[in-house]
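# Summary of structural features
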Amino acid sequence: MVEDLRLDSLEGVGPVTTRKLSDAGVHNVMDLIVRGPVEIAEITGMEKDTAEKIVNKARQHLVDGGLIAKHFTSASEIYKHRQSIGKITTGTNCLDTLFDGGIETQALTEVYGEFGCGKTQFAHTMSVMVQKPKEEGGLEGSVLYIDTENTFRPERIVSIAQAHEMDPEKVLDRIIVARAYNSAHQTLILEEAGPIIEENNIKLIVADSAVGLFRSEYLGRGTLSNRQQKLNHFVHLLSRIAETYNCAAIATNQVMASPDVFFGDPTRPIGGNVVAHTSTYRIYFKKSGKKRIARMVDSPHHPEEEVIFALGEAGVIDPEDAEKKTKKTTKKATAKKVTEPDVETTVESTDDSETPKVETTSETSETETVEAPTIDAKTDDSEPVEE
């Protein structure tokens with residue numbers, strides 16, 4: 001399969017063109033489909049007509065190999081193909097119900113919400129669940145984790161893996177972390193991810209967060225248009241990679257407060273319509289005390305509904321599991337409180353019963369002898385008599 005995806009396997013692509021494409025970061029036929037003819041012409045310097053011919057040949061090559069769908073297909077064939085799409089379980093009944101079985105491959109799932117709502121915890125959990133066997137709801141694949149906010153914690157991966165009875169060392173070895181330091185570097189990581197996806201059997205790509213660096217670099221209304229163009233390129237690139245390489249993509253997104261909203265929730269996701277239209281599924285996370293609420297905001301076929309989940313040692317968990325753990329801990333705590341004070345109260349009661357009697361008797365005797373009211377009265381009466 002790797003030989004069939006080489007650039008020189010296409011007709012009309014010689015060693016000079018292959019060298020140009022390789023220098024530009026295009027290493028195989030799938031990269032041609034992902035980047036598109038316009039971008040290929042820009043990064044290689046070739047004419048647009050030539051780039052379009054090469055990309056069309058690459059598309060036909062993948063169609064003949066059965067890697068992508070044909071140009072014209074019936075709805076029944078699409079339905080059969082949809083039944084074979086992989087799904088990654090979330091490890092919870094509530095979120096699996098919301099996603100109708102789990103996170104889909106060949107689709108971009110956007111999760112947005114305020115700080116502390118569980119976006120990064122959800123990304124960590126899915127990075128572990130995708131490595132499970134297919135019988136247990138996983139895809140037996142690796143993970144490409146694009147960390148833009150320095151929030152990836154391997155310690156959290158270890159605790160989630162142990163909670164699911166998995167080997168932490170093997171789980172960590174199958175997670176490839178790419179630290180992005182600016183928006184251009186973030187896009188470059190995704191553009192050069194093709195060989196890494198093939199070599200490591202990547203089945204999940206996580207961008208946490210997808211919009212954070214763009215938001216911090218492009219400030220003011222004057223840079224809004226340029227920011228949206230760059231962000232549009234990154235999000236579409238992530239979506240095309242997920243569809244071409246048959247892997248799942250999760251993008252976490254930040255929110256902002258909308259001041260013109262007087263009633264209801266004023267939080268709005270960052271990125272505008274560019275991110276909204278590109279995302280296949282859009283889920284909103286929000287806090288509700290110690291629990292969390294997940295709402296399906298946009299989906300081609302899922303109903304708009306809400307579910308309640310919680311956070312624990314196993315990552316995202318069902319609220320019933322969280323209540324069971326809290327009940328166990330409270331029972332242990334109350335048992336300790338009941339057993340320990342019994343000894344202390346018996347000792348204190350004996351001391352209090354004996355000592356207060358001595359103190360009260362001594363105090364009353366001293367007040368009666370020393371502070372006698374008759375002595376004060378005599379001194380008061382003697383003064384006028386002497387006068």
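Note that the structure is predicted; figures quoted are calculated from it, not measured.

## Quick notes on the pattern of salt bridges
Any two side chains of opposite charge can pair, so long as their charged atoms come close to each other. Throughout the structure, instances matching the rule amount to 7 salt bridges. For arginine 6, the salt bridge identified is with aspartate 8, shortest N-O distance 2.5 Å. Taking relative accessible area as the criterion, aspartate 8 reaches 42% and is therefore assigned partly exposed. The partner of arginine 35 in a salt bridge is glutamate 39, with the nearest N and O atoms 2.9 Å apart. Separated by 4 residues within a single helix, arginine 35 and glutamate 39 lie in helix α2 (residues 29–44), roughly one turn from each other.

## Points about the packing of aromatic side chains
Two measures describe an aromatic ring pair: the distance that separates the ring centres and the angle between the ring planes. Applying the stated criterion across every chain yields a total of 6 aromatic pairs. Relative to phenylalanine 234, the ring of phenylalanine 214 lies with its centre 6.2 Å away and its plane at 45 degrees, an arrangement referred to as tilted. Residue phenylalanine 214 is found in helix α11 (residues 212–217), and its partner phenylalanine 234 is found in helix α12 (residues 224–244); the two are separated by 20 residues along the sequence. Pairwise contacts between aromatic rings join Phe99, Phe122, Phe285 and Phe309 into one cluster.

## What to know about the nonpolar core
Counting 49 residues, the largest nonpolar core has Leu32, Ile40, Leu190, Ile205, Leu238 and Ile241 as its most contacted members. Looking at this core, the elements that each hand over two or more residues are α2, α3 (48–64), β4 (142–147), α9 (183–191), β6 (202–208), α11, α12 and β7 (248–253). Formed by 37 residues, the second largest nonpolar core is a distinct cluster that contains Tyr145, Phe152, Met296 and Val307.

## Points about the packing of helix α6 (residues 119–129) against helix α7 (residues 154–163)
Look at α6 against α7: their axes get within 9 Å of each other, and the N-to-C directions meet at 55 degrees. In terms of their interaxial angle, α6 and α7 are classed as oblique. Crossing of α6 against α7: the hand is right-handed. Taken together, the residues of α7 that come into contact with α6 (itself represented by Gln121, His124, Thr125, Ser127 and Val128) are Arg156, Ile157, Ile160 and Ala161. Here the contact of α6 with α7 is composed, by residue class, of 4 nonpolar, 4 polar and 1 charged.

## Focus on the sheet that holds strand β3 (residues 107–113)
Within the open sheet, the 9 strands sit side by side as β5-β4-β6-β7-β3-β10-β11-β12-β13. Their pairing is mixed. Of all strands in the sheet, those bounded by a partner on one side alone are β5 (175–179) and β13 (315–317). Recorded for the sheet is a direction-independent mean angle of 25 degrees between the axes of neighbouring strands. For β4 and β5, the ladder comprises 5 bridges, and the chain directions are parallel. Among the inter-strand pairings, valine 143 is bridged to a residue of β5, identified as isoleucine 175.

## With respect to unusual backbone geometry
Working note: non-glycine residues mostly have negative phi, and peptide bonds are mostly trans. Cis rather than trans, the peptide bond between aspartate 208 and serine 209 has omega equal to -10 degrees. For serine 209, the position within the fold is in the loop between β6 and α11.

## Section: the pairing of β7
Most of β7 sits out of view: 6 of its 6 residues are buried. Neither face of β7 is exposed, since Ala248, Ile250 and Thr252 on one face and Ala249, Ala251 and Asn253 on the opposite face are all buried. Relative to β7, β3 runs parallel, the two sharing 6 bridges. Paired with glutamate 110 across the bridge in β7 is alanine 251. Bridge count for β6 against β7 is 4 bridges, and the pairing is parallel. Note on β7: the bridge partner recorded for alanine 207 is alanine 251.

## Thoughts on the side chain of threonine 44
Looking at the element boundaries, threonine 44 is found in helix α2. A polar contact of 2.5 Å, which involves the side chain of threonine 44, links it to the backbone oxygen of isoleucine 40. Among all residues touching threonine 44, those that are not within four sequence positions of it are Lys20, Leu21 and Ala24.

## A look at α7
When α7 is considered as a whole, its buried residues turn out to be Arg156, Ile157, Ile160 and Ala161. Projected down its long axis, α7 shows its buried positions confined to an angular sector of 135 degrees, all on one face. More than 90 degrees from the buried face of α7, the exposed residues found are Glu155 and Gln162. Where α7 is buried, its residues contact α6, α8 (168–173), β5, β12 (306–312) and β13. Glutamate 165 sits one or two residues past α7 and shows a positive phi near 60 degrees.

## A few points about the environment of threonine 125
With respect to the helices, strands and loops of the structure, threonine 125 is situated in helix α6. On the basis of relative accessible area, threonine 125 is assigned to the buried category, the value being 0%. In the structure, threonine 125 is positioned 36 residues away from alanine 161 in sequence and 8.7 Å away in space, judged by C-alpha atoms. Each residue touching threonine 125, except ones within four places of it in the same chain, is listed here: Thr90, Ile160, Ala314, Gly315 and Val316.

## Quick notes on the packing of α2 against α3
Remark: α2 packs on α3, axes separated minimally by 9 Å, with the N-to-C direction vectors making an angle of 160 degrees. Taken together, α2 and α3 sit at an angle that is classed as roughly antiparallel. At the point where α2 passes α3, the crossing takes the left-handed sense. Contact with α2, carried on its side by Val29, Met30, Leu32, Ile33, Gly36, Pro37, Ile40 and Ala41, involves Lys48, Ala51, Glu52, Ile54, Val55, Ala58, Arg59, His61 and Leu62 of α3 and no other residues of that element.

What counts and what doesn't
- Position numbers for residues start from 1 in each chain and track the written sequence from start to end.
- Residue-level local features of this predicted model are given only where pLDDT is at least 70; pairs of side-chain atoms are given and counted only at 80 or more, and the full residue set underlies all totals for whole chains, interfaces and linings.
- The side-chain values count all of the structure's non-hydrogen atoms but skip hydrogen atoms and water molecules.
- The salt bridge criterion pairs a side-chain nitrogen of Lys or Arg with a carboxyl oxygen of Asp or Glu, the two atoms within 4 Å.
- Type-normalised accessible area, obtained with a 1.4 Å probe on protein chains alone, sets the label of each residue: buried when under 20%, exposed when over 50%, and partly exposed for intermediate values.
- Numbered from the N terminus, helices here are DSSP runs of H or I no shorter than four residues, and strands are runs of E no shorter than two.
- Two aromatic rings from Phe, Tyr or Trp, using only the six-membered ring of Trp, form a pair when their centres are within 6.5 Å; if the ring planes differ by under 30 degrees the pair is stacked, by over 60 it is edge-to-face, and anything between is tilted.
- By convention a nonpolar core is built from buried Ala, Val, Leu, Ile, Met, Phe, Trp, Tyr and Cys residues, the set being connected through side-chain atoms within 4.5 Å.
- Fitted lines through C-alpha atoms give the axes, limited to the stretch in contact for helices. The angle between two N-to-C directions lies from 0 to 180 degrees.
- For classification purposes, an angle smaller than 35 degrees is called roughly parallel, one larger than 145 roughly antiparallel, one from 65 to 115 roughly perpendicular, and anything else oblique.
- What makes a crossing left-handed is the near helix being turned counterclockwise from the far one by less than a right angle; a clockwise turn instead makes it right-handed.
- Here, residues are in contact when the closest pair of their heavy atoms is within 4.5 Å.
- For this scheme, ten residues count as nonpolar: Ala, Val, Leu, Ile, Met, Phe, Trp, Tyr, Cys and Pro. Four count as charged, namely Asp, Glu, Lys and Arg, and the remainder, Gly too, count as polar.
- Here the rule is simple: two strands pair whenever DSSP picks up at least two bridges between them.
- Under the rule applied, a polar contact is a pair of N or O atoms within 3.5 Å (in protein, one hydrogen donor and one hydrogen acceptor; residues adjacent in sequence only if both atoms are side-chain atoms).
- Arc, as used here, means the arc of the directions from the helix axis to the C-beta atoms.

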